Amino acid sequence: MGTTFLARSCLGARRAGASVPVRDPVPLPMSLALTFRGASGEVTGSCFEIEAGGRRVLVDCGLVQGDRDADARTRAALTRRDARLDFVIATHAHIDHTGLLPRLGRLGFRGRVYATPASCDLLGVMLPDSAYIQEKDAEWAREREARRGSRDTAVDEPLYTIKDAQEALRLLEPVAYDTTFSPAPGITACFRDAGHILGSAIVEIWIAGGEGAAPFKLVCSGDLGQPGRPVLPDPTPVAEADALIVESTYGNRLHKTLPETYDEFSAVLSRVLPRGNVVVPAFAVGRTQEVLHVLADLARQGRVPPLNVFVDSPLATAATAITMKYAHTLDRESRDLAQWQSRHPDRMRVRFTETPDDSKAINAIRSGAVIIAASGMCEAGRVRHHLRQNLPREECAVVFTGFQAIGTLGRALVDGARAARMFREEVPVRASVHTIGGLSAHGDQGALLGWLAGFRRAPARAFVVHGERETQVGFAALVRERLGWPSVEAPERGFRVLL
C-alpha cells in the first residue's frame, strides 16, 4: 500500500515498553509542533496534529459528542487543508476517536489510516453505522424545517454519507500490536495494547532528528483501560518518552472495585427483575461485551435469578461477533465463562435482536428483562425507545456503566433529572437510576497514576487531555505533585506547542 514496514517485532520489549530506534532515519528538520485540535477541556472529539519536517499527521480524528454546539463544532473541525495530511493513526475504533474519518475522506484525503487489525474490523461496522445516523439526522432536520416552513438548506447535507464511510474504509492499513511500521520516511510507530476496548492502542512514535541526533519519541496513551477488569488485558507499560499525551477521563475519581460492582449489580437485578425491567445503556463496542461477561458470571455464581437478556443493537451484535473472532486475545476467564454459558442456557438466555420489529416486541415485556441497548449516553439509538417505555415505571431501573458527557441525556439522568425530553414529549423519571463505575472501560485516577509511574523518567513535556476542564487541570496538578514531574500541562483546544 505504498508503506515501508520494518520487519522487526517488538514482542520482546512489549512489557518493558523499551525504546525502538528508527532504522536508517531520514533526517528531518528539527522543527516539531503539536496542536491539540480536540479532546482538550472535554472528553470527546479526539484529534491531535503533529507537524514534523513539512509533514502533517493526525493521531485520531473523532466526533465531538454531547454539547449543544457539538454538531457545529464537528462540521468546523476539518478543512480542505486537511486533505493534504500525510497519514492518520487511530488509537481505537470508538467514534469519538474515528468518527470524522469519512468526513476527512469526503474533503479529499487519500492517505493511509493506520490502526490495529481488530480496530479495522470494528470500523468496518462502526463507520457505516455512524454514517447512517448522520443521514437520518439530516433527514429529520429537513422534515423539521419543512414543518416550520423554512427553506434553510444548511440542514440538508449530512456530515457524511454511508458511501463516504465505505470509501474511508479503503484507507485503513492494519498493523499488529508490537510491530514497528514506518508510515513516512523519518517517522516510525508502534502500537501497544491499551486494554480499553478490543483493538485499543497506545501509540509510540519516533521522529528522526537532524544529523547524528537521536529520534524524538512521542507517546499517545489513547484511552487506557482499568487494570484487573474482565475480558481484556491490562494496559501495556511504557518506559520512556520525550513527550507524552495522556487521557484523564476519570482522573478525578476512583472506580468501585470489581467485587463492589458485582454486589451492586446483583442487588439491582435481584430487586427489580421480579416486577420490572433493567435497562442498560451501553456502548455497542466494548461495554456491551463486558456487561454480558458480568451478567454471565453473576448467573454462574447463582447470585441472580435466571436472566433473560436482550442485546438490542445491530452494531453491538456485529461487535460481539468480531470480539469472538479475536477470542484468542481475551483473558482466560472470559473464554472459560463463554463455554460455561453455552452449556447452561437455562441460567442466562441472550437474544440479539435484528429487526426494528424485534426491538419493538421487547416493549411488551413488563418484567424480567435485562435490555442492553445503544447508545451508551442515550443520545440516539434504540435505547431511547426502551427508556421511554421503562423510565415512567417505578418498578424498573436504569443502570449506567460508563462515562456520561455533559449535555447528554445520560448525564441528565445520572444527575437526577425528574423528567426526560424524548420524541417531542416529556417522559417522567420514576425508575431508579444507578451508576456502576467498576465496569468503566477507562482507567480511574489510581490506574492512570499507576501507568504513568511506569515511566523510568519524567517526559520532558507531558500533556493531559480527554477530560472535562476541571478534571483535566486537576489531574495535571496531581501528576506534578504525586510523581514529581516538572512539566505537566492541561492544554486548551487549539493550543499549539513547539517541541
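First, a word on scope: everything that follows refers to the structure included in this document.

The rules we used
Residues numbered from 1 in each chain as written. Predicted model: local features only at pLDDT ≥ 70, side-chain atom pairs only at ≥ 80, totals over all residues. Heavy atoms only, no water. Salt bridge = Lys/Arg side-chain N within 4 Å of Asp/Glu carboxyl O. Buried < 20%, exposed > 50% of the residue type's maximum accessible area, 1.4 Å probe, protein only. Pairing = 2+ DSSP bridges. Helix = DSSP H or I, 4+ residues; strand = E, 2+ residues; numbered from the N terminus. Axes fitted to C-alpha atoms, helices over the stretch in contact; angles between N-to-C directions. Contact = heavy atoms within 4.5 Å. Core = buried A, V, L, I, M, F, W, Y, C linked by side-chain atoms within 4.5 Å. 1 Å grid on protein atoms, 1.4 Å probe; cavity = no way out; pocket = protein on both sides within 12 Å on 5 of 7 lines; lining within 4 Å. Points joined across faces, edges and corners; volume = space filled by probe spheres on them. Nonpolar A, V, L, I, M, F, W, Y, C, P; charged D, E, K, R; others polar.

Moving on: the pattern of salt bridges. Under the counting rule described, the total for this entry stands at 31 salt bridges. R170 is the salt-bridge partner of E167, the closest N and O atoms lying 3.5 Å from each other. Exposure remark for E167: the relative accessible area of 40% places this residue in the partly exposed category. Of the residues examined, R170 reaches a relative accessible area of 59% and is grouped as exposed. Here the salt bridges share partners, and the residues they tie into one network are R37, E49, R56 and D82.

Okay, the sheet that holds strand β13 (residues 278-281) next. Pairing is parallel in the open sheet, where six strands are placed in the order β15-β14-β16-β13-β17-β20. With partners counted over all chains shown, the strands left at the sheet margins are β15 (348-352) and β20 (432-435), one partner each. Taking the axes of each pair of neighbouring strands and ignoring which way they run, one obtains an average angle of 20° across the sheet. Bridge count between β13 and strand β16 (residues 369-373): four bridges; the pairing is parallel. Pairing of P281 across the sheet is with A373, part of β16. Against the sheet, helix α11 (residues 383-390) contacts β13, β14 (307-312), β16 and β17 (397-400), and its axis sits at roughly 150° relative to β13.

Once that is clear, we can look at the sheet that holds strand β5 (residues 87-89). In any sheet, the strands associate via hydrogen bonds between backbone groups, in a parallel or an antiparallel arrangement. Sheet architecture is open: seven strands sit in the order β7-β6-β5-β4-β3-β2-β23, paired in mixed fashion. Each edge of the open sheet carries a strand with a single partner, namely β7 (172-174) and β23 (496-498). Shown here is a sheet whose adjacent strand axes are inclined to one another by a mean of 25°, direction ignored. Two strands pair when backbone bridges link them, and strand β6 (residues 112-115) and β7 are joined in this way by three bridges, in the parallel orientation. What sits directly across from A115, in β7, is P174.

Bringing the pairing of strand β11 (residues 216-220) into the picture now. Most of β11 is tucked away: five of the five residues are buried. Here β11 pairs with strand β12 (residues 243-247) via three bridges, running parallel. From the neighbouring strand, L218 faces β12, where its bridge partner is A243.

In this structure, F265, L295 and I372 are the most contacted members of the largest nonpolar core, which totals 72 residues. Those residues within four positions of I372 in sequence are excluded, and the remaining contacts are V280, A282, T288, V291, L292, L295, V309, F310, V311 and D312. Among the nonpolar cores identified, the runner-up in size contains 30 residues, and F36, V203, I205 and I207 belong to it.

Considered as a void within the structure, the second largest pocket measures approximately 370 Å³ in volume. Lining the second largest pocket are 18 residues, with Q289, L292, M324, A338 and Q341 sitting closest to its centre. Looking at the lining of the second largest pocket, the elements that each hand over two or more residues are α7 (287-300), α8 (314-325), α9 (332-343) and β15. Counting residues per element, the lining of the second largest pocket draws most heavily on α9, at five residues. Residues of the lining of the second largest pocket, tallied by class, amount to 11 nonpolar, six polar and one charged.

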